[in-house]
Amino acid sequence: MNASEQLAELGRDFHRRGWALGTSGNFSTVIERDPLRIAITASSLDKSRLSAEHILEIDGHGKVLPPTHGTPSAETLLHLAIVRTVGAGAVLHTHSVWSTILSDYYIGQGGFFIEGYEMLKGLEGVRTHDHREWLPIIENSQDMEALSAETHLMLEADSNIHGFLIRRHGLYTWGKDLSEAARHVEILEFLLESVGRRHMMEPQY
Ligand SMILES: [Zn+2]
């Protein structure tokens, strides 16, 4: 399977699992580093019907490269900021219910720790459940230049994180390649749901 087919299959899977309903979410993977060439989902596509022809190739400035054509995801600049700042090989963005709720609940403290869960070991470099994972939250905006600049600064300040949330919007995570990034989505979505559901059982927790 080539990069476009892989991204399309992953998008349909994420839709089925409730992480990218409707046209939400966007996915990218690096094809070449120098010069930078990235495969990314086109804008405003229903993820339930995503196919390889909906995946565009862009350069390091977000310009669409032939033979592909169309409008890349509105959040392309964020993908580029993450690829550049942490050297990610793939960037995945989901809009799950739990990322939406928790990103609102914890906005006042700028993020929250996830700790003590066995599933944390699914995050790259984490060897034990006895780990504190900081998940930062940034305010939502439709100004993608401002949002990508903020993302760049956040990632420069803390290179240990595996993802971040945008308030009332969703999750961004990445990996050295598409399979690692997809695993991070699974792990983080599991952890977010666990934290959220646990909270509902015992509000003081
Ligand atoms: Zn989004």
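Attention here is on the structure that accompanies the text. (Residues numbered from 1 in each chain as written. Predicted model: local features only at pLDDT ≥ 70, side-chain atom pairs only at ≥ 80, totals over all residues. Heavy atoms only, no water.)

### Comments concerning the coordination of the zinc ion
Angles between donor atoms at a metal ideally measure 109.5 degrees for a four-coordinate tetrahedral arrangement and either 90 or 180 degrees for a six-coordinate octahedral one.
In step 1: Every protein donor of the zinc ion is accounted for by Glu75 (OE), His93 (NE2), His95 (NE2) and His169 (NE2), and the metal-donor separations fall at 2.0 to 2.3 Å.
In step 2: Note that the zinc ion binds four donor atoms; their angles at the metal cover 93 to 152°, and the shape is irregular.
In step 3: Spacing between the donor residues of the zinc ion along their common chain follows E-x17-H-x1-H-x73-H. Placement of Glu75 in the loop between strand E3 (55-59) and helix H2 (76-86) and of His95 in the loop between strand E4 (90-94) and helix H3 (97-105) is noted, with a sequence separation of 20 residues between them.
In step 4: Accessibility expressed as a relative area gives 27% for His95, which makes it partly exposed. (Donors = N, O, S within 2.8 Å, 3.2 Å for Na, K, Ca; no water. Tetrahedral: all angles 85-135°; square planar, octahedral: opposite > 155°, others 65-115°. Helix = DSSP H or I, 4+ residues; strand = E, 2+ residues; numbered from the N terminus. Buried < 20%, exposed > 50% of the residue type's maximum accessible area, 1.4 Å probe, protein only.)

### A look at the sheet that holds strand E7 (residues 163-166)
Strand-to-strand pairing in sheets goes through backbone hydrogen bonds, with the strands running parallel or antiparallel.
In step 1: Spatial ordering of the open sheet is given by E3-E2-E1-E4-E8-E7-E6-E5, a layout of eight strands whose pairing is mixed. Each edge of the open sheet is held by one strand with a lone partner, namely E3 and strand E5 (111-115). Across the sheet, the axes of successive neighbouring strands diverge by a mean angle of 20°, strand direction being ignored.
In step 2: With four bridges connecting them, strand E1 (residues 26-32) and E4 associate as antiparallel partners. What sits directly across from Asn26, in E4, is His93.
In step 3: The sheet strands contacting helix H4 (residues 144-157) are strand E6 (132-138), E7 and strand E8 (170-175), and the helix crosses E6 at an angle near 155°. (Pairing = 2+ DSSP bridges. Axes fitted to C-alpha atoms, helices over the stretch in contact; angles between N-to-C directions. Contact = heavy atoms within 4.5 Å.)

### Some thoughts on H3
What sets the pattern is the α-helix's 3.6 residues per turn: residues three or four places apart point alike.
In step 1: Inspection of H3 places Trp98, Ser99, Leu102 and Ser103 among the buried residues, and these make up the whole buried set. Around the axis of H3, the buried residues are gathered within 120° of arc, so they sit on the same side. Residues of H3 that are exposed and point over 90 degrees away from its buried face: Val97 and Tyr105.
In step 2: Contacts made by the buried residues of H3 are with E4, E5, E6, E7, E8 and helix H5 (178-201). (Arc of directions from axis to C-beta.)

### A short note on the pattern of salt bridges
In step 1: Applying the stated rule across the entire model yields 14 salt bridges.
In step 2: As a salt-bridge pair, Asp13 and Arg16 come within 3.5 Å of each other at their nearest N and O atoms. Remark: Arg16 and Asp13 occur in helix H1 (residues 3-16); sequence separation between them is three residues, near one turn of the helix.
In step 3: A salt bridge links Asp46 to Arg49; the nearest nitrogen and oxygen atoms lie 3.7 Å apart.
In step 4: On the accessibility criterion, Asp46 (26% relative accessible area) is partly exposed.
In step 5: Linked through salt bridges whose partners overlap, the residues forming this network are Asp13, Arg16, Arg17 and Glu186. (Salt bridge = Lys/Arg side-chain N within 4 Å of Asp/Glu carboxyl O.)

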